[in-house]
Amino acid sequence: MYRFLLTRQWVILTLLALLLAPTMIRLGTWQLHRHDHRQALNKVINTSLAAKPVAAETLTSVGGTVAHKDLYRRVTAKGHYDTAHELVVRRRTSTDDEVGYHVLTPFVLDDGRTLLVNRGWIPSPASQTAFPKIPAPPKGEITVTGRLRQDETTAASGIKNVKGLPDRQIMLINSAQVATLLRDSGDTSATQVLGGYVELTSPAPKGGSPELIPSPQEDRSWIGLGDINLPYAVQWWLFAAGVPVGWVILVRREARDRAERAAAETAEAAEPAAV
């Protein structure tokens, strides 16, 4: 009755089902792992944003890295901006998804070390090669507050680190790379650049420009907030469960259709010939 399963068509269909089911199970497991990772990351972010600000230099060091547990930790720093060696980071979007630049300004601490501060977003000028006009930050010694971030990498961000960009323009905020760039440009104070960087939260810029970067809790478009991976995991597992069920339904339907055709052919053969 089920000898049709040995036909070429059904062998291919069966092999396809045997391949699809475990593949969908693995995809569901991968989505579950991503769900667990996002839950852990959200916990770190919520804890960091709720904690009292601490001095930035206590959580990072010259040439060092920012620990995962300190991601988005609120920090303070006392010193002055070095706008003469300011950089812009290309292809960054505003809260309205408009493409522009992030403004990265070296902040020289009282002890002489340099902290990189992302002062926010500005729109792109008409010319992509000219350095944009950037609203100046407060002059003199001030205290800034912001969120501590890890150095950006191509692997983590997916942003290609394009070479040969116009003067003072970069693709990634990476303290080691920026330190080298600053020293090559003649910035003698960039010999001690702290690892990571800070997203400025205060003092707020006059006139709202540069536009401050919203925190993950404020930016609902940030993918780390939405728990989309758990539903995707369940979806893939339901698909995996549906493969054998669908295969059985197709087999039974095929067997029924073949049986009905055979019965019809038998009945037709048994009818007496017309005189």
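Residues numbered from 1 in each chain as written. Predicted model: local features only at pLDDT ≥ 70, side-chain atom pairs only at ≥ 80, totals over all residues. Heavy atoms only, no water.

Novice: I tried to follow unusual backbone geometry on my own but got confused; where do I start?
Specialist: With glycine set apart, most residues show a phi of negative sign, and most peptide bonds adopt trans. Of the consecutive residues Ser202 and Pro203, the connecting peptide bond is found in the cis state with omega at 0°. Topologically, Pro203 is positioned in the loop between β8 (197–202) and α4 (229–270). At the junction of Ser209 and Pro210, the peptide bond is cis and its omega measures out at 0° in the coordinates. Within the secondary structure, Pro210 sits in the loop between β8 and α4. With phi around 70°, Tyr72 is a residue other than glycine that occupies positive phi space. (Helix = DSSP H or I, 4+ residues; strand = E, 2+ residues; numbered from the N terminus.)

Novice: Is there a simple way to think about the environment of Leu172 in this case?
Specialist: When you line up the elements, Leu172 lands in the loop between β7 (169–170) and α3 (175–184). For the pair Leu172 and Leu49, spaced 123 residues apart in sequence, the C-alpha separation works out to 24 Å. Once residues lying within four places of it in the same chain are set aside, the contact partners of Leu172 are Val89, Arg92, Glu152, Thr153, Thr154, Ser157, Ile159 and Asn161. (Contact = heavy atoms within 4.5 Å.)

Novice: Please explain the pairing of β8 as it appears in this structure.
Specialist: By the bridge criterion, 2 bridges tie strand β5 (residues 114–123) to β8 in an arrangement that is parallel. Paired with Asn118 across the bridge in β8 is Glu199. Looking at chain direction, strand β6 (residues 142–149) and β8 are connected through 5 bridges and run antiparallel. Within β8, the residue paired with Arg149 across the bridge is Tyr197. (Pairing = 2+ DSSP bridges.)

Novice: Sorry if this is basic, but what is going on with the nonpolar core here?
Specialist: In a soluble, globular protein the nonpolar side chains are often hidden away together inside. By size, the foremost hydrophobic cluster in this structure holds 16 residues, and its most contacted members are Tyr81, Phe107, Leu115 and Val144. Mapped by element, the contributors of at least two residues to this core are β2 (74–81), β4 (99–109), β5, β6 and β8. When sequence neighbours within four positions are dropped, the list of residues in contact with Phe107 reads Ala77, Lys78, Gly79, His80, Tyr81, Arg113, Thr114, Leu115, Val117, Ile142 and Val144. Counting 12 residues, the second largest nonpolar core, distinct from the first, contains Val89, Leu116, Ile170 and Val193. (Core = buried A, V, L, I, M, F, W, Y, C linked by side-chain atoms within 4.5 Å. Buried < 20%, exposed > 50% of the residue type's maximum accessible area, 1.4 Å probe, protein only.)

Novice: Looking at this structure, I do not really get the pairing of strand β3 (residues 87–93). What am I missing?
Specialist: Taking burial as the measure, the 7 residues of β3 include 5 buried ones, the bulk of the element. Pairing of β3 with β4 involves 5 bridges; the strand directions are antiparallel. Each residue of the ladder has a partner; that of Leu87, found in β4, is Leu104. Looking at chain direction, β3 and β7 are connected through 2 bridges and run parallel. Its bridge partner lying in β7, Val88 is registered against Gln169.

Novice: Mind showing me how you'd approach the pattern of salt bridges here?
Specialist: For side chains of opposite charge, pairing can occur when their charged atoms come near one another. For the coordinates displayed, the defined rule picks out 8 salt bridges. Its salt-bridge partner being Asp70, residue Lys69 comes within 3.4 Å of it at the nearest N-O pair. Judged by relative accessible area, which is 7%, Asp70 ranks as buried. Put simply, Glu86 and Arg119 hold a salt bridge, and the shortest N to O gap is 2.7 Å. (Salt bridge = Lys/Arg side-chain N within 4 Å of Asp/Glu carboxyl O.)

Novice: Please explain the packing of aromatic side chains as it appears in this structure.
Specialist: In this description, a pair of aromatic rings is defined by centroid distance and the angle of the planes. By the definition in use, this model includes 4 aromatic pairs. Ring centres of Tyr2 and Phe4 lie 6.0 Å apart, and the angle between their planes is 45°; this geometry places the pair in the tilted category. A relative accessible area of 42% means that Tyr2 is categorised as partly exposed. The class of Phe4 is buried, set by a relative accessible area of 4%. Ring geometry for Phe4 and Trp10: centres 5.4 Å apart, planes at 70°, overall edge-to-face. Residue Trp10 is classed as buried on the basis of its relative accessible area, which comes to 6%. For Arg119, the ring lying beneath its charged end belongs to Tyr81, and the centroid distance is 5.7 Å. Sitting over the ring of Phe131, Arg168 keeps its end group 4.0 Å from the ring centre. (Phe/Tyr/Trp six-rings, centres within 6.5 Å; stacked < 30°, edge-to-face > 60°. Lys NZ or Arg CZ within 6 Å of the ring centre and 35° of its normal.)

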